[in-house]
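Next come the chains, spelled out residue by residue.
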Amino acid sequence: MAEKILAVLEQREGNLKKVSFEAASVALNLANQLGLQAEAVVVGKEISNLNELSKFGISKLTHLKNESLENYSSSAYAEAIASFAKENEAKILIFPNTAMGVDLAPRVAVKLNSGIVMDCMKLEVKDNEVIATRPVYAGKALIDVKLKSDIKIFTIRPNVFKPQAVDSSTVQIEEKQIDNPNLKTKVTAFKKSEGKLDVAEADIIVSGGRGMKGPENFHLIEELAEVLGAAVGASRAVVDAGWRPHREQVGQTGKTVSPSLYIACGISGAIQHLAGMSSSKYIVAINKDKDAPIFNVADYGIAGDVFEILPALTEEIKKLKS
Amino acid sequence: MKIAVCVSQVPDTATRIKIGSDHKSIDPTGVTYIINPYDEFAIEEALKTKEKIGGDSVVYVISVGDDSVKETLRKALAMGADEAILLKSSGYKDSIAIAKALSEEIKSLGCELVFCGKQSVDFDSGITGQLVAEMLGYNCISVVVDFKLDGNKIIAEREIEGGREVVETELPAVITAQKGLNEPRYASLKGIMAAKKKTIAEKPAFDSEVFTEILDMHLPPSKQPGRILGTDKSAVPELVRLLREEAKVI
Ligand SMILES: Cc1cc2nc3c(=O)[nH]c(=O)nc-3n(C[C@H](O)[C@H](O)[C@H](O)COP(=O)(O)OP(=O)(O)OC[C@H]3O[C@@H](n4cnc5c(N)ncnc54)[C@H](O)[C@@H]3O)c2cc1C
């Protein structure tokens, strides 16, 4: 049996998430370089879009299935994945660095006696070894690391590794029933938040800071986010003031994000904020203080009043999209 | 009930990182250290839980590190923790080795409920609590923003993409704390005085294998400051053009 790299896919509400295809592509890419075989595994009940994986060159996908595994259960999912990895002699496992992946991957690591590197932004093969690059101190520094354990686990930051479609490939889907899953810990309900998109997953983020002057003005941010299909973010100052929920906070004690576009509105650019967003591909700053530190990291800036610029920007983008 | 809180000490978030001469860690000169911000939520929740269940509950704070970490433990004592334990270790330990040291101590203390911060803001891995739980065979709920303990039963809400999951489990368990779980209390003057008198127990940290090897630490490529396109809305069309044609992000 060829040694394997396993992409652990993530489904939510019966749908594979985009980051699952990223994990699959990473697994395939590493497998090709290391001479291993790439496979995928997913846990759940019915999953509607498993066939989409066929675009990404993975030859086999195993669906670990049980009626009671529709919702996430850390205990049951971790056991299912770990025993599958053992049976199949997986040498490397790739998880998405999502809420689920971060919960699950370390537990699987202990079960497999494997080392683990979280939140990788780059995975390179050198001398037949995987070298991972990941941010530390919320992106103020980067480390290159390797694992010395026999089995290795890496989690990948969403949106960083682009899924690569492969010409004309097929995927063999196998179902495997999980008997008596361990449901000691289980999700009993999901409370959807009002915001449409989460900053951790969004490709574009429009963020507001204290310069927005009050929660009643955040509709300006929301309107721009809406036309861009973006998530709303916030600085800690406005989260602490209770203007925005803390799940929107970007920064060292909020979320570290790396979207392709980050628009900072009325945000000064304190070091803790910059730590969380400066790896964004493009940064736009709107701040009336031309000396604000945010301009030191911005690609494009307008040194003006957010209340004048935001509505104009929303209009201009609407025009473009219509 | 015995409750443990795992805390770590991290560089002040205002620190500008300089790479150390070994190219594997940061240069500590001039760096001030603080208690990991998420651990304050963990301590607060432990104290609240103790107050709620009453009886002879004890809150232990445990940390892995060198002598300098005593300051952080002292702060946790000042907030109201009963006992502090320093698991002495110098040199690099990865999350698994740290979790191993913590879980060995938690096992010998017999703590049934463990709180951790959801991540340390230095290495940011966000996995210590989950590792500790798995090593102890405890249940685990991570990134918790709401926690209720009723007898043996736990109902918690954890933050995930796009909302919150309501999760149920039972003791023994590890909970990792996210901002929003509570408002950490300030240490009272009385607490600070009492903390000064307490002894911090010191033991060697369980020595386990380290799987992770840091090959290099470096700074991210620095961004060139970009262009300020104007000072009023007349700059907007140019901004949109650049985002579309040059950056190609919209
Ligand atoms: C332990 C710790 C952790 C922290 N973690 C984080 C974190 O994770 N994320 C984070 O963001 N911060 C964090 N901070 C806080 C950080 O230090 C700053 O206080 C915060 O980022 C400031 O938010 P702000 O930029 O919105 O507000 P301010 O610094 O007050 O800036 C407001 C800006 O708005 C501009 N402005 C005002 N009016 C207008 C207008 N009409 N039009 C245009 N611009 C205008 C001003 O010029 C100013 O630059 C942390 C701090 C500590 C101590």
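About the cut-offs
Residues numbered from 1 in each chain as written. Chains lettered and ligands numbered in written order. Predicted model: local features only at pLDDT ≥ 70, side-chain atom pairs only at ≥ 80, totals over all residues. Heavy atoms only, no water. Helix = DSSP H or I, 4+ residues; strand = E, 2+ residues; numbered from the N terminus. Buried < 20%, exposed > 50% of the residue type's maximum accessible area, 1.4 Å probe, protein only. Areas by Shrake-Rupley, 256 points an atom, 1.4 Å probe, with all protein chains shown as cover. Lys, Arg positive; Asp, Glu negative; His and termini not counted. Charge placed at Lys NZ, Arg CZ, Asp CG, Glu CD. Core = buried A, V, L, I, M, F, W, Y, C linked by side-chain atoms within 4.5 Å. Contact = heavy atoms within 4.5 Å. Pairing = 2+ DSSP bridges. Axes fitted to C-alpha atoms, helices over the stretch in contact; angles between N-to-C directions. Buried area = accessible area lost by both parts, 1.4 Å probe. Salt bridge = Lys/Arg side-chain N within 4 Å of Asp/Glu carboxyl O. Polar contact = N/O pair within 3.5 Å; in protein donor to acceptor, adjacent residues only side chain to side chain. Nonpolar A, V, L, I, M, F, W, Y, C, P; charged D, E, K, R; others polar. Disulfide = S-S within 2.5 Å. Left-handed = near helix turned anticlockwise from the far one by under 90°. 1 Å grid on protein atoms, 1.4 Å probe; cavity = no way out; pocket = protein on both sides within 12 Å on 5 of 7 lines; lining within 4 Å. Points joined across faces, edges and corners; volume = space filled by probe spheres on them. Phe/Tyr/Trp six-rings, centres within 6.5 Å; stacked < 30°, edge-to-face > 60°. Lys NZ or Arg CZ within 6 Å of the ring centre and 35° of its normal. Near = heavy atom within 4 Å. Parallel < 35°, antiparallel > 145°, perpendicular 65-115°, else oblique.

### Some points on the overall build of chain B
And step 1. Secondary structure summary: chain B contains six helices and 13 strands in total.
And step 2. With respect to the three principal axes, the spread of C-alpha positions in chain B is 70 × 45 × 40 Å.
And step 3. Buried residues in chain B amount to 54% of all 250 residues.
And step 4. Only carbon and sulfur atoms are counted for the fraction: they give 51% of the accessible area of chain B, which is about 11000 Å².
And step 5. Mean positive and mean negative side-chain charge positions of chain B (32 and 39 charges, respectively) differ by 4 Å.

### Some words on the nonpolar core
And step 1. Counting 141 residues, the largest nonpolar core has A:Leu93, A:Ile94, A:Leu123, A:Phe154 and B:Ile154 as its most contacted members.
And step 2. The greatest single-element share of this core, amounting to nine residues, is contributed by helix 1 (residues 18-34) of chain A.
And step 3. In contact with A:Phe154, other than residues within four places in its own chain, are A:Ile92, A:Leu93, A:Ile94, A:Phe95, A:Val117, A:Cys120, A:Leu123, A:Val130, A:Ala132 and A:Leu147.
And step 4. Residues A:Leu220, A:Ile221, A:Ala225 and A:Ala230 belong to the second largest nonpolar core, which totals 38 residues.

### Some details on the sheet that holds strand 11 (residues 152-156) of chain A
Residues and elements named next belong to chain A.
And step 1. The strand order across the open sheet built from seven strands is 7-11-6-1-4-5-12, with neighbouring strands paired in parallel fashion. Strand pairing shows two members of the sheet lacking a second neighbour, strand 7 (115-120) and strand 12 (172-177), which therefore form its edges. On average, adjacent strands in this sheet sit at an angle of 20° to one another, irrespective of strand direction.
And step 2. Its contacts with the sheet put helix 1 on strand 1 (4-8), strand 4 (37-44), strand 6 (90-96) and strand 11, and the angle it makes with strand 1 is roughly 170°.

### Things to note about the interface of chain B and chain A
And step 1. Contact with chain B, which involves 80 residues of that partner, is made by 87 residues of chain A.
And step 2. When chain B packs against chain A, the two sides together hide about 7300 Å² of surface, and 58% of this comes from carbon and sulfur.
And step 3. Ranking the residues of chain B by area buried against chain A places B:Glu161, B:Phe211 and B:Lys223 at the top, with a combined share of 11%.
And step 4. Summed over the shared surface of chain B and chain A, the number is nine salt bridges.
And step 5. For the pair chain B and chain A, the number of links is 46 residue pairs in polar contact (both at pLDDT 80 or more).
And step 6. Taken together, the residues of the side of chain B that touches chain A sort by class into 40 nonpolar, 19 polar and 21 charged.
And step 7. Direction of pairing for strand 10 (residues 141-147) of chain A relative to strand 12 (residues 212-218) of chain B: antiparallel, over a ladder of six bridges. Looking at strand 12 of chain B, one finds that A:Ile143 is bridged to B:Met217.

### Focus on the state of the cysteines
Residues and elements named next belong to chain B.
And step 1. Inspection of every chain in the model, using the stated rule, returns zero disulfides over all chains.
And step 2. Cysteine 6 takes part in no disulfide bond, and the closest cysteine sulfur, belonging to cysteine 116, lies 3.8 Å away.
And step 3. Cysteine 6 gets classed as buried once you look at its relative accessible area, which sits at 5%.
And step 4. Summary of cysteine pairing: cysteine 140 is not part of a disulfide, and the nearest cysteine sulfur, belonging to cysteine 116, is at 8.0 Å.
And step 5. Given a relative accessible area of 2%, cysteine 140 falls into the buried group.

### What to know about the packing of helix 1 (residues 37-53) of chain B against helix 2 (residues 70-79) of chain B
All names here are of chain B.
And step 1. Two elements in contact, helix 1 and helix 2, have axes separated by 10 Å at closest approach and are oriented at 35°. Crossing of helix 1 over helix 2 shows right-handed handedness. Contact residues: helix 1 offers Glu40, Ile43, Glu44 and Leu47, while helix 2 offers Lys75, Ala76 and Met79.
And step 2. When its residues are assigned to classes, the contact of helix 1 with helix 2 shows four nonpolar, no polar and three charged.

### Some details on empty space enclosed by the protein
And step 1. Tallied over the full model, the rule gives four cavities of 30 Å³ or more.
And step 2. Its boundaries defined by the atoms lining it, the largest cavity holds a volume of some 660 Å³.
And step 3. Along the wall of the largest cavity there are 35 residues; nearest its centre are A:Asn97, A:Val102, A:Ala200, A:Lys255 and B:Lys118.
And step 4. Put simply, the parts of the chain that give the lining of the largest cavity at least two residues each are helix 3 (99-112), strand 7 and strand 9 (129-136) of chain A together with strand 8 (153-160) of chain B.
And step 5. Its volume calculated, the second largest cavity comes out at about 80 Å³.

### Brief notes about the environment of B:Ser90
And step 1. Along the polypeptide, B:Ser90 turns up in the loop between strand 5 (83-88) and helix 3 (95-109).
And step 2. Residues B:Ser90 and B:Ala205, 115 residues apart in the sequence, show an inter-C-alpha distance of 9.3 Å.

### Observations concerning the packing of aromatic side chains
And step 1. Inspection of the entire model under this criterion finds eight aromatic pairs over all chains.
And step 2. With centroids separated by 5.0 Å and ring planes inclined at 25°, the aromatic side chains of A:Phe21 and A:Phe56 adopt a geometry described as stacked. Separated by 35 residues along the polypeptide, A:Phe21 in helix 1 and A:Phe56 in the loop between strand 4 and strand 5 (60-65) bring together distant segments of the chain. With respect to class, A:Phe21 is no different from A:Phe56; both count as buried.
And step 3. Centroid distance A:Tyr137 to B:Phe123: 6.1 Å. Interplanar angle 70°. Geometry classified as edge-to-face. Of this pair, A:Tyr137 sits in the loop between strand 9 and strand 10 while B:Phe123 sits in the loop between strand 6 (113-117) and helix 4 (128-136), each in a different chain.
And step 4. On the accessibility criterion, B:Phe123 (21% relative accessible area) is partly exposed.
And step 5. A network of ring pairs unites the aromatic residues A:Tyr137, B:Tyr92 and B:Phe123 as a single cluster.
And step 6. Residue placement shows A:Arg12 over the ring face of A:Phe190; its charged tip is 6.0 Å from the ring centre.

### Considerations on the site of the ligand
And step 1. Around the ligand lies a shell of 27 residues, among which A:Lys213, A:Ser235, A:Thr253, A:Ser268 and A:Gln272 are the nearest.
And step 2. In this structure, the ligand sits where chains A and B come together, each supplying nearby residues.
And step 3. A distance of 2.9 Å separates an oxygen atom of the ligand from a polar backbone atom of A:Arg236.
And step 4. Side-chain polar atom of A:Ser268 to an oxygen atom of the ligand: 2.7 Å apart, as the coordinates give it.
And step 5. Coverage of the ligand by the protein chains reaches 80% of its 990 Å² of free accessible surface.
And step 6. Sorting the residues of the shell around the ligand by element identifies helix 5 (236-240), helix 6 (271-277) and helix 7 (306-321) of chain A as the ones contributing at least two each.
And step 7. For the shell around the ligand, a count of residues per class yields six nonpolar, 15 polar and six charged.

### As for the packing of helix 7 of chain A against helix 6 (residues 236-246) of chain B
And step 1. Put simply, helix 7 of chain A and helix 6 of chain B touch, their axes get as near as 9 Å, and they point 50° apart. With respect to helix 6 of chain B, the axis of helix 7 of chain A lies oblique. When you trace helix 7 of chain A past helix 6 of chain B, the crossing you get is right-handed. Between helix 7 of chain A, through A:Ile309, A:Ala312, A:Leu313, A:Glu316, A:Ile317 and A:Leu320, and helix 6 of chain B, the contact on the second element is made entirely by B:Val236, B:Pro237, B:Leu239, B:Val240 and B:Arg244.
And step 2. Grouping the amino acids of the contact of helix 7 of chain A with helix 6 of chain B by side-chain chemistry returns nine nonpolar, no polar and two charged.

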